[in-house]
Amino acid sequence: MTTLNYDDLATEYARHRRTYPGLIEHIVRRAGVTAEHTVLEVGCGTANHVAAVRRETGAKCFGVEPSEQMLAVARTQPEDLDLRQGYAQELDFPAATFDLIMSVDMIHYVREPLEYFRRAFGALKPGGYFVTVTDSDWIIRNRIPMARYFPGTIDAEADRYHPIPRLSGDLALAGFGDLNEHVVESEYELADSTRFRDKSYSCLHLIGDDEFADGLAALDADLAAGPLTANLRSLVLWGRRPQ
Ligand SMILES: C[S@@+](CC[C@H](N)C(=O)[O-])C[C@H]1O[C@@H](n2cnc3c(N)ncnc32)[C@H](O)[C@@H]1O
């Protein structure tokens, strides 16, 4: 598994990355989040997603994030958020604090997820929901344009993404019940390659310079003929602390 330093990526991340369409709506609806609830996002980065939870629901929202540069951007969000520096595997909140703990595109950075899952289980209220948003092997292989123009990212991602059955197994070991999976997907028209050129996706830092240059040239050539239909897919892995 390769570790990237998000202090170096924060500027491009903030410039290009936004919430996934439909993801927060799915999570807050299924978890029944209201203004009375307390929500934590672990590895919140620039806090796009947890700020959206706050906007949608009025819930009291917390974010934990190791990178000071990502946190600096997160602190510019207009929503009222309690943001703290920290790591998933060192989560240290009082028992039974949260109604929902979530992470988005974070779990592949945690080498041993079980320790994080156990700590999150303890920090959830009985009946609280636990959400891990990640990519399955199938999603990684079918990303457009990423897998098509930068196919080296497929193996690079396989090295760092946990297989879904492994995550489910660790969730069960930590005590979570009601485990299930849901895929949130959308398409969009990609008209220019700037966010790929700027490497706002961390996997583009994991392939060689030649492959990156060739992929970008091919993408630009195809975009010159017109926009591409691109996809965004996320696998949402749900668990619940029993009552
Ligand atoms: C791809 S970004 C996702 C950020 C945010 N969740 C979002 O969806 O925009 C991954 C984030 O996980 C953070 N991260 C990396 N290792 C972590 C760890 N061990 N515990 C918590 N967060 C971590 C990174 O610093 C980065 O901000």
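As annotated in an unreviewed UniProt entry, the chain carries the name Class I SAM-dependent methyltransferase and comes from Actinokineospora xionganensis.

Caption draft 1: Summary view of the overall build of the chain. A tally of helices and strands in the chain yields 11 helices and 7 strands. The globule rule puts the C-alpha radius of gyration for 243 residues at 18 Å, and the 18 Å found for the chain is close to it. Taken along its principal axes, the extent of the C-alpha atoms in the chain is 55 × 40 × 30 Å. By the burial criterion, 54% of the 243 residues in the chain qualify as buried. Within the chain, contacts between residues at least 6 apart in sequence are counted, and of these 77% link residues at least 24 apart. Accessible area for the chain stands at about 10900 Å²; split by element, carbon and sulfur atoms hold 47% of it. In the chain, the 25 positive side-chain charges and the 37 negative ones have mean positions that sit 5 Å from each other.

Caption draft 2: Layout of the UniProt feature "domain: Methyltransferase type" (unreviewed entry) in the chain. Mapped onto this structure's residue numbering, the UniProt feature "domain: Methyltransferase type" (unreviewed entry) falls at residues 40–131. Between the first and last C-alpha atoms of residues 40–131 the distance is 10 Å; the span itself is 30% helix and 32% strand.

Caption draft 3: Summary view of unusual backbone geometry. Put simply, I144 and P145 share a cis peptide bond, and its omega is 15°. One can find P145 in the loop between α6 (137–141) and α7 (146–149). Phi at D105 is positive, roughly 55°, even though this residue is not glycine. Relative to the assigned elements, D105 resides in the loop between β4 (98–104) and α5 (113–123). Despite not being glycine, K199 has its phi angle at roughly 55°, a positive value. Looking at the secondary structure, you find K199 in the loop between α10 (194–197) and α11 (209–224).

Caption draft 4: Structural detail: the pattern of salt bridges. Enumeration according to the criterion identifies 12 salt bridges in this entry. Put simply, E112 and R166 hold a salt bridge, and the shortest N to O gap is 3.3 Å. Separated by 54 residues along the polypeptide, E112 in the loop between β4 and α5 and R166 in helix α9 (residues 164–174) bring together distant segments of the chain. Judged by its relative accessible area of 31%, R166 falls in the partly exposed class. Note that R166 and D170 form a salt bridge whose closest N and O atoms lie 3.2 Å from each other.

Caption draft 5: Spotlight on the site of the ligand. Surrounding the ligand, one finds 19 residues, the nearest of these being Y13, E41, G43, E65 and A88. In this structure, a nitrogen atom belonging to the ligand sits 2.9 Å away from a main-chain N or O atom of A88. The protein chains hide 95% of the 600 Å² of surface that the ligand would expose on its own. Here the shell around the ligand is built from residues that sort into 11 nonpolar, 5 polar and 3 charged.

Conventions we followed
- Residues numbered from 1 in each chain as written.
- Predicted model: local features only at pLDDT ≥ 70, side-chain atom pairs only at ≥ 80, totals over all residues.
- Heavy atoms only, no water.
- Helix = DSSP H or I, 4+ residues; strand = E, 2+ residues; numbered from the N terminus.
- Rg over C-alpha atoms; globule rule 2.2 N^0.38 Å.
- Buried < 20%, exposed > 50% of the residue type's maximum accessible area, 1.4 Å probe, protein only.
- Contact = heavy atoms within 4.5 Å.
- Areas by Shrake-Rupley, 256 points an atom, 1.4 Å probe, with all protein chains shown as cover.
- Lys, Arg positive; Asp, Glu negative; His and termini not counted.
- Charge placed at Lys NZ, Arg CZ, Asp CG, Glu CD.
- UniProt positions renumbered as here; feature names shortened; annotations may be inferred.
- Salt bridge = Lys/Arg side-chain N within 4 Å of Asp/Glu carboxyl O.
- Near = heavy atom within 4 Å.
- Polar contact = N/O pair within 3.5 Å; in protein donor to acceptor, adjacent residues only side chain to side chain.
- Nonpolar A, V, L, I, M, F, W, Y, C, P; charged D, E, K, R; others polar.

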